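Summary of the model geometry
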Amino acid sequence: MSSIPVARVEREAELALIIVHSPPVNTIDARVRAGLSAAVQEIAADGTVSGVLLLCEGRTFFSGADMGEFSGPPREEEYRQLLNGLETLSVPVVAAMHGTVLGGGLEIALACHYRVADSATRLGMPEVTLGIIPGAGGTQRLPRLIGAKQALELILSARPVDAARAHELGLVDAIISGDLRTGAAAYLRTLLAAGKSVRRTGEMIVPAATATAEIFERATEQARKQYPNRSAGLVAVEVVRAATHMPFAAGLEYETQRVNECKQSGESKGAVHAFFAEREARRIPGLPQDVQPGPIEAAGVVGAGTMGCGIAICFADAGIPVTLLDANASALERAVGTIDRTYRSMVDRGRIGSEEKDRRMQRIRSSLDYGDLGRADVIVEAVFEDIALKQGIFRTLDAVAKPGAVLATNTSTLDIEQIAAATGRAHDVLGLHFFSPANVMPLLEVVRTTKTSPAVIRTAMDLAKALRKTAVLARVCYGFIGNRMMEGYAREAERMVLEGATPRAIDSALEGWGMAMGILGVFDMAGIDVGVNVHIANAQRFPPDPTYYQADFALHEAGRLGQKNGKGYYRYEPGSRTRIDDPQAVEILRARARSLRVAPRAHSEREIVERCLYPLLNEGLRILEEGVALRASDIDVVWTSGYGFPRYRGGPMFYADTIGLPVLLDGMHKYRDIFGPMHWQPAPLLVQLVEQGRTIAQWAAESGAGR
Ligand SMILES: NC(=O)c1ccc[n+]([C@@H]2O[C@H](COP(=O)([O-])OP(=O)(O)OC[C@H]3O[C@@H](n4cnc5c(N)ncnc54)[C@H](O)[C@@H]3O)[C@@H](O)[C@H]2O)c1
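Values in this document were obtained by computation on a predicted structure and should not be read as measured data. All residue numbers refer to positions counted from 1 along the written sequence of the respective chain. Selection of residues for local features in this predicted model requires a pLDDT of at least 70, selection of side-chain atom pairs for listing and counting requires 80 or more, and totals for whole chains, interfaces and linings are taken over all residues. Side-chain measures were taken over the full set of non-hydrogen atoms in the model, leaving aside hydrogen atoms and water.

**Focus on a positive patch on the surface**
The following threshold applies: A patch consists of residues whose relative accessible area exceeds 30% and which take part in no salt bridge; residues with like charges are grouped when within 9 Å of each other, and nonpolar side chains (Val, Leu, Ile, Met, Phe, Trp, Tyr) when within 5 Å. To be clear on the numbers: accessible area is Shrake-Rupley with a 1.4 Å probe, and residue cover counts the displayed protein chains and nothing else. Salt bridges are counted wherever a side-chain nitrogen of Lys or Arg sits within 4 Å of a carboxyl oxygen of Asp or Glu. Residues counted as positive are Lys and Arg, residues counted as negative are Asp and Glu, and His and the chain ends are not counted. Charge positions come from single atoms, namely NZ of Lys, CZ of Arg, CG of Asp or CD of Glu. Numbering of helices and strands runs from the N terminus; a helix is a DSSP stretch of H or I covering at least four residues, while a strand is a stretch of E covering at least two.
On the surface, Arg59, Arg279, Arg282 and Lys465 cluster together into a positively charged patch. Note on placement: Arg282 falls in the loop between α11 (266-281) and β10 (299-302).

**Quick look at the pattern of salt bridges**
Here is the rule we go by: Burial status follows relative accessibility: with a 1.4 Å probe on protein chains alone, a residue under 20% of its type maximum counts as buried, one over 50% as exposed, and anything between as partly exposed.
Under the definition given, this model contains 57 salt bridges. The residue Arg8 makes a salt bridge to Glu57 at a minimum N-O spacing of 2.7 Å. A residue pair is termed long-range when its members are at least 10 positions apart, and Arg8 in strand β1 (residues 7-12) and Glu57 in the loop between β3 (51-56) and α2 (76-87) qualify at 49 residues. The exposure class assigned to Glu57 is partly exposed, which follows from its relative accessible area of 28%. A single network of salt bridges, built from pairs that share partners, joins Arg8, Glu10, Glu12, Glu14, Glu57, Arg181 and Arg189.

**Let's talk about helix α8 (residues 213-226)**
For the record, the criterion: To estimate how far a helix should reach, multiply one less than its number of residues by 1.5 Å. Directions pointing from the helix axis toward each C-beta atom define the arc. Residues count as neighbours in contact if any of their non-hydrogen atoms are within 4.5 Å of one another.
Along its 14 residues, α8 runs 20 Å from first to last C-alpha, staying within 8% of the 20 Å computed at 1.5 Å per residue. Within the span of α8, buried status applies to Ile215, Phe216, Ala219, Thr220 and Ala223. Along α8, the residues classed as buried sweep out an arc of 140 degrees about the axis, all on the same side. For α8, exposure combined with an orientation more than 90 degrees from the buried face picks out Ala213, Glu217, Arg224 and Lys225. Residues of α8 that are buried sit in contact with α5 (148-157) and α9 (232-245).

**A look at unusual backbone geometry**
In the segment running from Pro23 into Pro24, the intervening peptide bond is cis, with an omega of 0 degrees. Looking at the secondary structure, you find Pro24 in the loop between β2 (15-20) and α1 (30-44). Looking along the chain, the bond that leaves Ser436 and enters Pro437 is cis, with omega of -5 degrees. Note on placement: Pro437 falls in the loop between β15 (429-434) and β16 (443-448). One non-glycine residue with positive phi stands out, namely Arg468, at about 60 degrees. As for its position among the elements, Arg468 is in the loop between α17 (454-466) and β17 (470-475).

**As for the site of the ligand**
Let me state the cut-off plainly: Summary of the distance rule: residues count as near a molecule or strand when at least one heavy atom falls within 4 Å of that molecule or strand. Counting of polar contacts relies on pairs of N or O atoms within 3.5 Å, with two restrictions inside protein: one atom must be capable of donating a hydrogen and the other of accepting it, and residues adjacent in sequence are counted only when both atoms are side-chain atoms.
The ligand sits among 23 residues. The nearest are Met307, Asp326, Glu385, Lys390 and Asn410. Met307 places a main-chain nitrogen or oxygen 2.7 Å from an oxygen atom of the ligand. Within the side chain of Ser412, a nitrogen or oxygen atom sits 3.3 Å from an oxygen atom of the ligand. Burial of the ligand by the protein chains amounts to 78% of its free accessible area of 830 Å². Elements supplying a minimum of two residues to the shell around the ligand: α12 (306-317), α15 (387-400) and β15. Considering every element that reaches the shell around the ligand, the biggest residue donor is α15, with three residues.

Structure below.
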């Protein structure tokens, strides 16, 4: 722990500076609140101060509230006293912000009398994505300061705005260029010289024009649309509305009451679980204490196709030079074109500048010669999904890679043990399973074999962090965590379209429940051929069910490949990703169902959701029992970060506990009685836990497989 106090008061002549120092991101925990509170009291008692500057050292102004306190006793009262103390100081208080100022951090700034920020500052109120509302006065101060309409936009969007936008909104009074402390002190002195005094947000009145009935109606509508199945957005609208007619103190009381109700909601519990699950996934129990990660200063990627390009971009984005190798010169040329286009579109969308694009492009070197991979610390193979081909490449990598280099495969379905066995250094081999598009999707499954060394696992987890990926460690099995659980989920969706459900009915039911995209729409996006090829290559693994994935096969045989040729489960206008119902697709599916003699069936939305989700949850329990995933919450991370599972439902394992394992087991039995046992065998762990009356969370905590 550093010896610098968490909050100190410095004097610059007539000014007092409250300087907070709580690395890494000045999270507002109990120590910070206590330090801040002491500083405010010290200044209140000091008659010689004519203005106060509040600033934080390190990467950012207060980044937000301490999530670790979320499950503890309510802190709103403590926050309220602290912020009221700050706001009622009798001399002007200026918040000087930099970095990423979110939630509670911004609420502290709102309690100051003026706000300045450096130009790179980002400010936001992301609470609704955690199933709550701002709880430290934000719902009452923000609309008073910038107007109800603008406050609702900020709160409901949950996205940070940049300093320039914050200035336009009146959230920030001035943008400081150059040194923040110097600039902010000069700003404060200018205020004092102009005779400006305290300007308490709590004493302002919400501008009437920003708070009409129509504005609140529209916000309610937006909250409903943007956050289906959830209530925090709607609560936020109600509480902001209270700021327009309740006295400030009563509004704060009301906010506290409502935020504490929100914390008890399922959506909040799910979202908070998802947050902590991601944090926990980085911790790998069982690795020796002294294991050191290797350096990642240079990388190689073999195979310059869809995935190889995306992976090369990941490295270049992270500042790591990468050699992209392919056997085929024209494939390489295409790849460089693809990467260039990807970066160009980032420039066009204002995500990066054109100089940054050039820097990133320069980090990517293409090559046809394996000798160029000799300096790489990590090499990711992403060639066609063919075991003999991959083994041959790993033999070559064994010959050319430097000692200790991490040799990774991006395979989705092949046995990584067998790939590793092609080398004389199986301990350096593991899977790095990226998701498509690799430069966009946050999930990375890190797949260890029985031989992968602890140092290589450590290096891979650190690499994931450098690439800004959410890494989850898995063991080798068919499909690893994510795709293995997908198998039964998608199987039922495809089976139901053969039973007569329309693709739209399936996808709408899944999306209505909360999945980011229905699975049939996902297949159209990924390419129907991709799934078909996997099912042909692995036919011997799947149950002897003549209807198995036959919807995909039927569409594929009819030349429907999904979005790439404008027709799959749906049809698409050229250049558009909008799903249009297509009677032709339905007719192809019906014809296949007739030839397979699939009995038609009417499906309620509930049945659609249950039939897709129950096999998914059931497989999760098998994965847990087999130790393929380290912990239940890791499975949740895979599905929330890689498969569009709603965070507010926590993830599949959290959700299974939410509905109750007996409900899941009854559901498995119900569908087994209708469709037979082939696909509806409950996982042994499910049966066991139901018999014992335990939850997955309890089992995980007791077996060490939880958090
Ligand atoms: N596409 C996806 O959504 C996805 C997702 C996760 C993992 N994967 C896996 O990633 C891998 C690559 O998939 P993809 O979709 O990018 O394939 P792709 O067909 O787009 O690209 C494969 C590339 O490998 C090159 N190649 C073939 N033989 C080679 C050799 N001997 N040496 C060097 N290069 C060679 C080809 O020229 C081609 O450019 C596969 O193992 C696949 O299972 C794919």
